[in-house]
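Fold and contact review
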Amino acid sequence: MSAVTVSDEHAASTKAKVIQPAWVRALHWTNAFAMVLMIMSGWQIYNASPLFDFRFSPSITLGGWLGGALLWHFAAMWLLMVNGLIYLTVGLATGRFRKKLLPITPEGVISDTKAALTGKLSHDDLTKYNYVQKLLYAGIIVVGILIVLSGLAIWKPVQLQYLTALFGGYEAARYVHFFCMAGIVAFMVVHVALALLVPKSLRAMIIGR
Amino acid sequence: MGRMRNLLIPGVDKTLLIRDAVKTMPDLTRRRFISGGASLGALTLLTGCDVTDSFSAEEMLKQVSKFNDGVQALIFNPHAMAPTFPESAITKPFPFNAYYDLEEAPTVDGKSWKLEVRGLVENKKSWTLEELYQLPQVKQVTRHICVEGWSAIGSWTGTPLRDFLKVIGADTRAKYVWFQCADKDGYNSPLDMATALHAQTQMTFKFGDEILPRAYGFPMKIRVPTKLGFKNPKYVMSMEVTNDYKGGFWEDQGYNSFSGS
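Note that the structure is a prediction, hence the values are computed from the model and not measured. Think of each chain on its own: its residues are numbered from 1, step by step along the sequence as written. To read the labels, note that chains go from A and ligands from 1, taken in the order they are written. Per-residue local features are limited, in this predicted model, to residues with pLDDT of at least 70; the limit for side-chain atom pairs, both in listing and counting, is 80 or more; totals at the level of whole chains, interfaces and linings are taken over all residues. Only hydrogens and water are set aside; all other atoms, that is, all heavy atoms of the structure, feed into the side-chain values.

A few words now on the UniProt feature "domain: Oxidoreductase molybdopterin-binding" (unreviewed entry) in chain B. Per the UniProt record, "domain: Oxidoreductase molybdopterin-binding" (unreviewed entry) is found at residues 105–250 of chain B. This span, residues 105–250 of chain B, is 11% helix and 38% strand, and a straight line between its end C-alpha atoms measures 17 Å. UniProt positions are given in the numbering used here, feature names are shortened, and annotations may be inferred rather than shown by experiment. Secondary structure elements follow DSSP: runs of H or I no shorter than four residues count as helices, runs of E no shorter than two count as strands, and numbering proceeds from the N terminus.

Another aspect to go through is the packing of aromatic side chains. Pairing of aromatic side chains requires ring centres within 6.5 Å, counting the rings of Phe and Tyr and the six-membered ring of Trp. Pairs whose planes differ by under 30 degrees are stacked, by over 60 edge-to-face, and all others tilted. The final tally for this structure, using the stated rule, is 35 aromatic pairs over all chains. Where Trp156 of chain B meets Phe207 of chain B, the ring centres are 4.9 Å apart and the plane angle is 70 degrees; that geometry is what we call edge-to-face. Of this pair, Trp156 of chain B sits in strand 4 (residues 151–160) while Phe207 of chain B sits in strand 7 (residues 202–207), placing them 51 residues apart in sequence. Throughout, exposure labels follow a simple rule: accessible area from a 1.4 Å probe, protein chains only, divided by the maximum for the residue type, with under 20% read as buried, over 50% as exposed, and the rest as partly exposed. For Phe207 of chain B, a relative accessible area of 13% corresponds to the buried category. Taken together, the ring pairs in this structure connect Trp65 of chain A together with Phe96, Tyr99, Tyr100, Tyr187, Phe230, Phe249, Trp250 and Tyr255 of chain B into an aromatic cluster. Placement of a charge over a ring requires the Lys NZ or Arg CZ to be within 6 Å of the ring centre, with the centre-to-atom vector within 35 degrees of the ring normal. For the cation-ring pair, Lys227 of chain B lies above Phe258 of chain B, with the distance from its terminal atom to the ring centre recorded as 3.3 Å.

Here we come to the interface of chain A and chain B. The contact criterion used throughout is that any non-hydrogen atoms of two residues lie within 4.5 Å. Listed by partner, the interface residues are 26 residues for chain A and 35 residues for chain B. It is Trp65, Leu71 and Gln159 of chain A that lose the most area in chain A upon contact with chain B, and together they represent 26% of the buried surface on that side. Here, a salt bridge means any side-chain nitrogen of Lys or Arg that lies within 4 Å of a carboxyl oxygen of Asp or Glu. Across the chain A-chain B interface, the total number found is zero salt bridges. Secondary-structure elements contributing two or more residues to the side of chain A that touches chain B are helix 2 (22–48), helix 3 (66–93) and helix 8 (170–197) of chain A. The leading source of residues in the side of chain A that touches chain B is helix 3 of chain A, at nine residues. Tallied by class, the residues present in the side of chain A that touches chain B amount to 15 nonpolar, eight polar and three charged. Buried area adds together the accessible area that both of two parts lose upon being put together, with accessible area traced by a 1.4 Å probe. Residue type decides the class: Asp, Glu, Lys and Arg count as charged, Ala, Val, Leu, Ile, Met, Phe, Trp, Tyr, Cys and Pro as nonpolar, and the leftover types, Gly among them, as polar.

As annotated by UniProt and renumbered to match this structure, "domain: Cytochrome b561 bacterial/Ni-hydrogenase" (unreviewed entry) occupies residues 20–206 of chain A. Note that residues 20–206 of chain A is 75% helix and 0% strand, and that its end C-alpha atoms are spaced 8 Å apart.

Moving on, we get to the pattern of salt bridges. Residues and elements named next belong to chain B. This structure, assessed with the given rule, holds ten salt bridges over all chains. A salt bridge links Glu104 to Lys184; the nearest nitrogen and oxygen atoms lie 3.4 Å apart. On the criterion of sequence distance, the pair formed by Glu104 in the loop between helix 4 (57–75) and strand 1 (114–119) and Lys184 in the loop between strand 5 (176–181) and strand 6 (188–192) is long-range, its members being 80 residues apart. When its relative accessible area of 41% is taken as the criterion, Glu104 is described as partly exposed. Where Glu131 meets Lys125, a salt bridge forms, and the shortest distance between an N and an O atom there is 3.0 Å. The exposure class of Lys125 is partly exposed, given its relative accessible area of 33%. Each of Glu116, Arg118, Glu240 and Lys246 takes part in a single network of salt bridges with overlapping partners.

Attention shifts here to the packing of helix 2 of chain A against helix 9 (residues 199–207) of chain A. Between two packed helices, the angle of one axis relative to the other and the distance separating the axes together describe the packing. Residues and elements named next belong to chain A. The angle between two axes is taken between their N-to-C directions and runs from 0 to 180 degrees, where each axis is a line fitted to C-alpha atoms and a helix contributes only its stretch in contact. Where helix 2 contacts helix 9, the two axes come as close as 7 Å, and the packing angle between them is 100 degrees. The pairing of helix 2 with helix 9 is recorded here as roughly perpendicular in orientation. Contacts between helix 2 and helix 9 involve Val24, Arg25, His28 and Trp29 on the former and, on the latter, Leu202, Ala204, Met205, Ile206 and Ile207. For the contact of helix 2 with helix 9, the per-class residue count stands at seven nonpolar, one polar and one charged. Note on angle classes: values under 35 degrees are labelled roughly parallel, values over 145 roughly antiparallel, values of 65 to 115 roughly perpendicular, and the remainder oblique.

Looking now at a nonpolar patch on the surface. Residues and elements named next belong to chain A. Together, Leu136, Val189, Val190, Leu194 and Leu197 give the surface a local cluster of nonpolar side chains, amounting to about 460 Å² of exposed area. If you tally residues by element for the nonpolar patch, the top one is helix 8, at four residues. Its place among the elements puts Leu194 in helix 8. For Leu194, a relative accessible area of 46% gives the class partly exposed. Without a salt bridge and with relative accessible area above 30%, a residue can belong to a patch; like charges are then joined within 9 Å and nonpolar side chains (Val, Leu, Ile, Met, Phe, Trp, Tyr) within 5 Å. Using the Shrake-Rupley algorithm and a 1.4 Å probe, accessible areas are obtained, with residue cover drawn only from the displayed protein chains.

Residue and element names in this part refer to chain A. For every residue, the pLDDT score states the predictor's confidence, bounded by 0 at the bottom and 100 at the top. When the pLDDT values of chain A are averaged, the result is 88; 92% of them are 70 or greater. Confidence scores differ between elements of chain A, with helix 1 (residues 2–17) showing the lowest mean pLDDT of 51 and helix 7 (residues 161–166) the highest of 97. Taken together, the stretch residues 1–7 has pLDDT below 50 and engages in zero contacts with residues farther than four places along the chain or on a different chain.

Before going further, it helps to examine the side chain of Thr195 of chain B. Residue and element names in this part refer to chain B. With respect to the helices and strands, Thr195 occurs in helix 7 (residues 193–196). For Thr195, a relative accessible area of 0% puts it in the buried group. Polar contact criterion, stated in full: a pair of N or O atoms within 3.5 Å, where within protein one must be able to donate a hydrogen and the other to accept it, and residues adjacent in sequence count only if both atoms are side-chain atoms. Within the structure, Thr195 has its side chain in polar contact with the side chain of Asp192 (distance 2.6 Å). Thr195 has contacts with Phe76, Thr201, Val224, Thr226, Lys227 and Phe258, leaving out every residue within four places of it along the chain.

A few words now on the state of the cysteines. All names here are of chain B. Criterion for a disulfide: a pair of cysteine sulfur atoms within 2.5 Å. Enumeration according to the criterion identifies zero disulfides over all chains in this entry. Free cysteine Cys146: the closest other cysteine sulfur is in Cys181, separated by 16 Å. A relative accessible area of 6% places Cys146 in the buried class.

Here we come to empty space enclosed by the protein. Definitions used for this entry: grid spacing 1 Å over protein atoms alone; cavity, a set of points where a 1.4 Å probe fits but cannot get out; pocket, an open set with protein on both sides within 12 Å along at least 5 of 7 lines; lining residue, one with an atom within 4 Å of a point. Grid points are joined across faces, edges and corners, and a volume is the space filled by probe spheres set on the points. Evaluation of the coordinates by the stated rule reveals one cavity of 30 Å³ or more. Volume-wise, the largest cavity comes out at about 950 Å³. Around the largest cavity, the lining comprises 47 residues; the ones closest to its centre are Ile45, His73, Phe74, Ile154 and His177 of chain A. For the lining of the largest cavity, the secondary structure elements donating two or more residues are helix 2, helix 3, helix 6 (131–155) and helix 8 of chain A together with helix 4 of chain B. Along the lines of polarity and charge, the residues of the lining of the largest cavity split into 32 nonpolar, 13 polar and two charged.

All names here are of chain B. Pairing of strand 3 (residues 138–145) with strand 4 involves eight bridges; the strand directions are antiparallel. Within the sheet, the bridge partner assigned to Arg143 lies in strand 4 and is Ile153. Taking the residues that link successive antiparallel strands as the turn, the strand 3-strand 4 hairpin has five residues, and the phi of Gly149 there is positive, at about 120 degrees. DSSP calls a pair of strands paired once it identifies at least 2 bridges connecting them.

This paragraph deals with unusual backbone geometry. Residue and element names in this part refer to chain B. Cis geometry is adopted by the peptide bond preceding Pro93, which originates at Lys92 and carries an omega value of -5 degrees. Within the fold, Pro93 resides in the loop between helix 4 and strand 1. Of the consecutive residues Phe218 and Pro219, the connecting peptide bond is found in the cis state with omega at 10 degrees. Within the secondary structure layout, Pro219 lies in the loop between strand 8 (210–211) and strand 9 (221–223). At Asp209, a position not held by glycine, the phi torsion is positive, near 70 degrees. Structurally, Asp209 is set in the loop between strand 7 and strand 8. Its relative accessible area of 45% is what places Asp209 among the partly exposed residues. Positive phi is not limited to glycine here, since Ser259 has a value of about 40 degrees. Relative to the assigned elements, Ser259 resides in the segment after strand 10 (236–242).

Here it is, written out as structure tokens:
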């Protein structure tokens, strides 16, 4: 009887220690790799016909020229989409999104933002996301879905014309695609900076605990 | 320098020779693309995976691009029409676009020009412009989408290509209709048969109700609203119905061959 209790306790403590399960880690880093390829090749594609009065430096783009960048973009697209679909399916099916990201209350976001800015936000329990994290992670999932949909809309404006129309037409979909990219890049800057400030979180995303 | 002089064949224009030599050299950006690919290929060797010596990122990307050709052919719906627009939406001026300046655009003499028809067709007779103008024509206002990302709406009038393929008795079970153009480097482009038979794919003779100007491909352009702009050949000289993939000007340089929109 007591032996069972011990093993139960042991199992519980091991379970509690795992902050990021293996599937989350695998999908996270695959996504990071695919995202970087998509963004760098996307910047090269942008340079062929810029929407704004600037171009990205060739040193931070991928593909060398428009044709090369398109090959990278439309190859990494598969990795990003398959990986993203697995993430959404498992995240919804296991209830992870609901458990980890909900609810998001305005009061919670405001108080946690204040705490973060005054350096009072606790990072003792990394299995629980604070409200700022919840908002950012839920938000970036939405942006991720939007960038894929707007990407499909400008890739196939005839075959997927109803999707393109949903974005307000071909030209509008290009802007949506660009601003989603900008949002993701901004997220990545904050995300990486915070991961470096709280090294335990980076460790958890690499080895799980 | 003396040795160089000996190597030159008398009477050869050195400037032209150099220009030709430069043309055969890959441009800097393309070399960067290849060298980047090679180093990524080397990286995969370090992982100990079973990869051949010839493996490179470039080769992998080419394979994925071929896979994407297949996926696009699969999702191509022959009944989906490209959106059409009112005449008020037409982009003015409609941009001239080519890999050369307008001054270098081909000047084709409409009187002596004949459309050559080759390959898997019953009637291989060439067509004069006058004869082509007799065919029933339709007008469409559609969006031209460039591979670079910009787009422009134009008004195009001409004969649906599928009607012409019927007239010449083309074997529509063949895989491609391959076009050759009068551009200085011989602009070729293969069009898959499903797209060639699409109702909006057109042998265009007019832009905005006027005879197709030189800038947009006089005497004939193939307007394909379901493809990106570079798959809309201008200054067309001949078409060939074929089962062979014969490549194209941009396709050979790495643009995805299906490039459907």
